[in-house]
Every structure is written in structure tokens, then in C-alpha cells.
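Given next are the chains, with one letter for each unit.
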Amino acid sequence: MAFDFADKVLLAPMAGVSDPVMRRLCREQGADMAYTEMVSSKGLSYANDKTRHLIDPAEGEDAVAVQLFGREPATMAAQAAWVQEQLGDALAFLDINMGCPARKIVSKGDGSALMQDPPLAAAVAEAVVRAVDAPVTCKFRRGFRRGDETAPAFARRLEQAGVAAVAVHGRFAEQLYEGASDSGVIARVKEAVQVPVIGNGDIRCGADALAMRRDTGCDAVMVGRAAEGNPWVFADIKAVLAGSEPPAPPTAAERIAMARRHARELAAREGRQIVRMRKHACWYLAGMPGAAKARGLVNQCTSLDDFEDVFDRMEAYAARSL
Ligand SMILES: Cc1cc2nc3c(=O)[nH]c(=O)nc-3n(C[C@H](O)[C@H](O)[C@H](O)COP(=O)(O)O)c2cc1C
């Protein structure tokens, strides 16, 4: 099983965001592959149902990239093997999270804490590579401490451990999401390794993706926040990268229709309570006439009916303001 990373445009793993419905809508708009949100290898090892559900594919999702986090080589290897067994050929590749800067993750030695312990990071990667046939990738940041760029040497070490590709977000872990992502580091990682490099950080549109590819020589690009409430960003990026005319941006009516579809598909999967739709709805509606008021209403919605009600109102409002 191999995955060809050349020229691919990927939806980033995003905890609490890149759920099956979002992945499917982004794939429909042109994303070549989408990652699950990060999944705890420990949670999987306890056979925790809530954690296990995170790897459920979306309806009609032919393949998915699953991201695991954890610092114990044996647990990571065993759970990677379990994920592969569950998904079979639908597992496009398996990614290891070495970039999450959240305090509750780092304090346990997981996520970006692995950047501070390259031998352990390599041991985790090596154990997972040995445990699965699927390609194994690692996603990490420019470095852990602000100003200390370790990503190129870190990438080389992971390449020696057998990973099939690396994804780099051009911020230090200590930066969280502050400041701009540095694409220079992606070029330096590209020079350091032979395996494909996935460039990530601050890609908001086709022009940004083109610049990332041109300036860094990266093989694939990964888009996170720009896809929130905006699966169309992939159609834009794919068109620009192919040198063709990008499609017109979605109208207010199209955005409301997409939000409605997202809510309906989420309800079909999750039942009556779809509180997690709130953030998606706010993103879809942002910038539209009446969006500020809608945000207040959305934040009280719990069921599909509640959301449909807000979308009906927004639709009427958008039609009037044409
Ligand atoms: C809400 C949110 C959740 C995230 N969760 C994850 C995650 O689970 N795993 C991961 O590797 N990165 C995670 N990230 C980081 C993104 O994958 C990506 O690296 C980062 O947002 C930079 O890309 P962007 O500028 O395109 O958003 C998350 C980011 C956000 C905003």
C-alpha cells in the first residue's frame, strides 16, 4: 500500500473539527485526502468507545488518513495495527502527531513534546512503521522552543526511522497559533530529506497554496483553518494549482445550503444532539448579512430543528438583501 503525495491537497487533522461530515464535504470540493482529528492511542487501548468512533469513516468515504497521538512505542504500534485492521484498504496512511502544543497533551509527553525527545520520537515512528503495512507519516512543527528550529534534523531522524512522508507546520510549538507560519522551514526540511514533504500553515486560498509550493518545493499542501465553514477552498486551490480559472466563490444561499447539509448529515450520524454543529454553523455564516445576530441564535441550538430554524431565517434574510 502506497500513497502518492505528489501535488496533493489535504485537509488537516483538527481536533473537534475534522469530523466525518466535514471530511466528506471537503473531499467533494476537491481535497485529495482528509485526516481524522487526532486520536489517543491510550484511549484506543482502553477500548474507549468514544475514542474508537473517531476513526469511523464518513458515508461513502473511500479512504481516510488517521492521526494517532501517544508517546509509548508499544501502545502506538498496537493501536496502529488495530486501526489498520478496522479500516483495511480504507486507511490511506497513518499519521503520528508530533506537533500538538496543547498543555494537556504536552504535559504528558505527547504531541509536540516528542520534538524535545528525538530518540523517543524515532522509536515511536519505528515501532509504528513496523506494525502496519500502510504508509506512516509524522506531523510536527518548526521546533518546540521559539527560535530553535529543529525540524530539518528531526525530519531526517524520522526518515531514518522509515516514515513515508513528513508534514510540517511552520510555527514553533511555543508559538501556538501566534504570528505567521514560516514557509522557509518547509524548504529547509525539503532539502534535508528525500521523502515527500507536506507544507502546512496559513494557506487560505489557491494563491497561498501556489506560493507554498513554489517557495518551498513541497510535494503536497495541507489546509486547516481556511477549510472551516469553507470546503470550497479546495476547489479554489485545486484550480489554481492546475493553472485553471478558479470557480466563483459561493453565494450566501450556497453557504446556507452547505451549512444545512452539514447539520443534516451530522444529525443522521449523531442523533438529536448536535451541539458540535454550532461552530461549523458560525463559520459558514460568518460575514453574511445578519451573521452577528445568527451567531447568538446558533449558540443556543442543540437539535437539527433548531439549526434548520436559524438557516430558514438566514435564507429569508439573504434573499431580502439581494
Ligand atoms: C481547532 C484546531 C484543531 C487542531 N487539531 C489538530 C490535531 O488534532 N492534530 C494536528 O496534528 N494538528 C491539529 N491542528 C493543527 C492543524 O492541523 C494545522 O497544523 C494548523 O492549524 C496550521 O494550519 P492552517 O494555518 O492551515 O490552519 C489543529 C488546529 C486547529 C485550529
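Refer to the structure printed above.
These figures come from a predicted structure and were not determined experimentally.

## Regarding the overall build of the chain
- Within the chain one finds 14 helices and 8 strands.
- At 20 Å, the chain has a C-alpha radius of gyration in line with the 20 Å of a compact globule built from 322 residues.
- Along the longest, intermediate and shortest principal axes, the C-alpha atoms of the chain span 60 × 45 × 35 Å.
- Among the 322 residues that make up the chain, the fraction classed as buried is 54%.
- Within the chain, counting contacts between residues at least 6 apart in sequence, those at least 24 apart form 69% of the total.
- For the chain, the accessible surface area stands at approximately 13,700 Å², while carbon and sulfur atoms represent 49% of it.
- Taken together, the 40 basic and 42 acidic charged side chains of the chain have centroids lying 5 Å from each other.

## Re the nonpolar core
- Core analysis: the biggest nonpolar cluster contains 67 residues, and Val 83 and Phe 140 have the highest contact counts within it.
- Setting aside residues no more than four positions away along its own chain, Val 83 makes contact with Leu 44, Ile 55, Val 66, Leu 68, Leu 91 and Leu 94.
- Grouped together as the second largest cluster of nonpolar side chains are 25 residues, Trp 232, Met 277, Val 310 and Ala 318 included.

## Description of the pattern of salt bridges
- Taken as a whole and assessed by the stated rule, the structure comprises 28 salt bridges.
- In this structure, Glu 28 engages Arg 261 in a salt bridge whose closest nitrogen and oxygen atoms are separated by 2.8 Å. Residue Glu 28 is found in helix 1 (residues 20-28), and its partner Arg 261 is found in helix 11 (residues 252-270); the two are separated by 233 residues along the sequence.
- A relative accessible area of 46% means that Glu 28 is categorised as partly exposed.
- A salt bridge links Asp 202 to Arg 225, with the nearest nitrogen and oxygen atoms 3.1 Å apart. Pair noted here: Asp 202 is in the loop between strand 7 (197-200) and helix 9 (206-216) and Arg 225 is in the loop between strand 8 (220-223) and helix 10 (233-241), with a separation of 23 residues, a long-range link.
- For Arg 225, a relative accessible area of 40% gives the class partly exposed.

## Let's talk about the layout of surface pockets
- In this model, the largest pocket occupies a volume close to 630 Å³.
- Along its surface, the largest pocket is lined by 29 residues, and Pro 13, Met 14, Lys 139, Arg 141 and Tyr 177 are the ones closest to its centre.
- Contributing elements (two or more residues each) for the lining of the largest pocket: strand 2 (33-40), strand 5 (136-143) and strand 8.
- Ranked by residues supplied to the lining of the largest pocket, first place goes to strand 5 with 3 residues.
- For the lining of the largest pocket, the class distribution of residues is 15 nonpolar, 7 polar and 7 charged.

## A closer look at the packing of aromatic side chains
- Considering all chains together, one arrives at 7 aromatic pairs under this definition.
- Between the aromatic rings of Phe 140 and Phe 154, the centroid separation amounts to 5.0 Å while the plane-to-plane angle is 80 degrees, which identifies the pairing as edge-to-face. In this pair, Phe 140 sits in strand 5 while Phe 154 sits in helix 7 (residues 151-161), placing the two residues 14 residues apart along the sequence.
- We classify Phe 140 as buried; its relative accessible area is 1%.
- These aromatic residues form a ring-pair network of at least three members: Phe 3, Phe 5, Tyr 35 and Phe 93.
- The positively charged end of Arg 141 is found above the aromatic ring belonging to Tyr 177, 5.1 Å away from the centroid.

About the thresholds
Residues numbered from 1 in each chain as written. Predicted model: local features only at pLDDT ≥ 70, side-chain atom pairs only at ≥ 80, totals over all residues. Heavy atoms only, no water. Helix = DSSP H or I, 4+ residues; strand = E, 2+ residues; numbered from the N terminus. Rg over C-alpha atoms; globule rule 2.2 N^0.38 Å. Buried < 20%, exposed > 50% of the residue type's maximum accessible area, 1.4 Å probe, protein only. Contact = heavy atoms within 4.5 Å. Areas by Shrake-Rupley, 256 points an atom, 1.4 Å probe, with all protein chains shown as cover. Lys, Arg positive; Asp, Glu negative; His and termini not counted. Charge placed at Lys NZ, Arg CZ, Asp CG, Glu CD. Core = buried A, V, L, I, M, F, W, Y, C linked by side-chain atoms within 4.5 Å. Salt bridge = Lys/Arg side-chain N within 4 Å of Asp/Glu carboxyl O. 1 Å grid on protein atoms, 1.4 Å probe; cavity = no way out; pocket = protein on both sides within 12 Å on 5 of 7 lines; lining within 4 Å. Points joined across faces, edges and corners; volume = space filled by probe spheres on them. Nonpolar A, V, L, I, M, F, W, Y, C, P; charged D, E, K, R; others polar. Phe/Tyr/Trp six-rings, centres within 6.5 Å; stacked < 30°, edge-to-face > 60°. Lys NZ or Arg CZ within 6 Å of the ring centre and 35° of its normal.

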